[in-house]
Amino acid sequence: MENKVRRPPRGTRKRDVPLTQAGIYAAALRLIDADGVEALTMRKLATDLDANPMSLYHHVPNKEAVLRGVTRMVGAQFRTVTLEDAPWQERIRLLATDFRTLAHRHPELMAYSFSHQPDFIQPDDPFWTALTAIVEAAGVPQSEVSEIAALMVAVVIGVLAAELNGSLHQWSTLKPSGFDDGEDGEGDADPGSADVVPEAPDQDHMFRLVMDTLITGLESQLTGDRDGRVAGL
């Protein structure tokens, strides 16, 4: 009778490839993308890596450290097209759009980072480096570049967070007080009917509107600053 070789359970046999922080973070990102941040545990991560759970703690102290490492990894991998000769307005639109694409590529991680990790953007992150360079190229005084960039990031992240958690969709279907659907000839259906499904908003259009508003505001600020300096001469 043929003897069967019994393999030890996953997570208890010796790995062929040593564990590394980069490998741990990559595996954690796969699990987060699939099941969300709340479902991630050190034990699940160890199982996915075919490692003993205790061996993970030689590389990362806890789940929070894993999440911070994953966020830093994703932030460092951000890439955007560099258009050095393009107007700053076009460059900042493209940068924000690429950042939005990244957020939707890893929605569970990014939603968590937006709400739980105020330092998830670091000074040497490609996104922050590109943004501050564009803001300075627009003509913002160097002493104000970080402040203006921070405000832009705050607005963009707020919109992206609302996209990811569904709030933007919900808010955009709310009717203004006193709004009458019958004015455009489409008010025959009962607004309270369960069969009435609000039309989904065009979130791409809404994001472009956000960027147009930010850009127009900065243009106005820069024009006002220039006019003030000229008047002071």
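One can find the structure itself at the top, above this paragraph.
Worth saying up front: this structure is predicted, and the values here are computed from it rather than measured.

Here is what the cut-offs are and how they apply
- The numbering scheme is per chain: residues are counted from 1 as the chain's sequence reads.
- Given that the model is predicted, a residue must reach a pLDDT of at least 70 before its local features are reported, and side-chain atom pairs must reach 80 or more before they are shown or counted; all residues, however, enter totals for whole chains, interfaces and linings.
- Excluding hydrogens and water, the side-chain figures rest on all heavy atoms present in the structure.
- We call a set of buried Ala, Val, Leu, Ile, Met, Phe, Trp, Tyr and Cys residues a nonpolar core when their side-chain atoms join them within 4.5 Å.
- Only protein chains enter the accessibility calculation, which uses a 1.4 Å probe. A residue is then buried if its area is under 20% of the maximum for its type, exposed if over 50%, and partly exposed in between.
- Helix and strand assignments follow DSSP, with helices taken as H or I runs no shorter than four residues and strands as E runs no shorter than two, numbered in order from the N terminus.
- The contact rule is simple, with two residues in contact once any of their heavy atoms fall within 4.5 Å.
- Axes here mean lines fitted to C-alpha atoms, for a helix over just the part in contact, with angles spanning 0 to 180 degrees between N-to-C directions.
- Between 65 and 115 degrees an angle is taken as roughly perpendicular, under 35 as roughly parallel, over 145 as roughly antiparallel, and anywhere else as oblique.
- Residue polarity is assigned by list, with Asp, Glu, Lys and Arg as charged and Ala, Val, Leu, Ile, Met, Phe, Trp, Tyr, Cys and Pro as nonpolar; anything else, Gly included, falls into the polar class.

Novice: So what's going on with the nonpolar core? Which residues, and what values?
Specialist: Leu45, Val70, Phe99 and Leu131 are the most contacted members of the largest nonpolar core, which has 62 residues in total. Taken together, the elements giving at least two residues each to this core come down to α1 (21-35), α2 (42-49), α4 (63-76), α5 (88-105), α6 (107-116), α7 (126-137), α8 (145-165) and α10 (203-231). It is α8 that contributes the most residues to this core, 10 residues altogether. If we skip the residues at most four places from it in the chain, Val70 touches Tyr25, Ala28, Leu29 and Leu109.

Novice: Explain the side chain of Gln117 to me, and be specific about the residues and the numbers.
Specialist: Along the chain, the position of Gln117 falls in the loop between α6 and α7. Contact partners of Gln117, with chain neighbours within four places excluded, come to Glu64, Leu67, Arg68, Thr71 and Tyr112.

Novice: Just give me the short version of the packing of α1 against α4, but keep the residues and values in it.
Specialist: Pairs of packed helices are described in terms of their axes, by the angle between the two and the distance that separates them. At a closest axis distance of 9 Å, the pairing of α1 and α4 adopts a crossing angle of 95°. Judged by the angle between their axes, α1 and α4 are roughly perpendicular. Across the interface between the two elements, Tyr25, Ala26, Ala28, Leu29 and Ile32 from α1 touch Ala65, Val66, Leu67, Gly69, Val70, Met73 and Val74 from α4. Of the residues belonging to the contact of α1 with α4, the class tally is 11 nonpolar, one polar and no charged.

Don't take any of this as a statement about function, it's just geometry.
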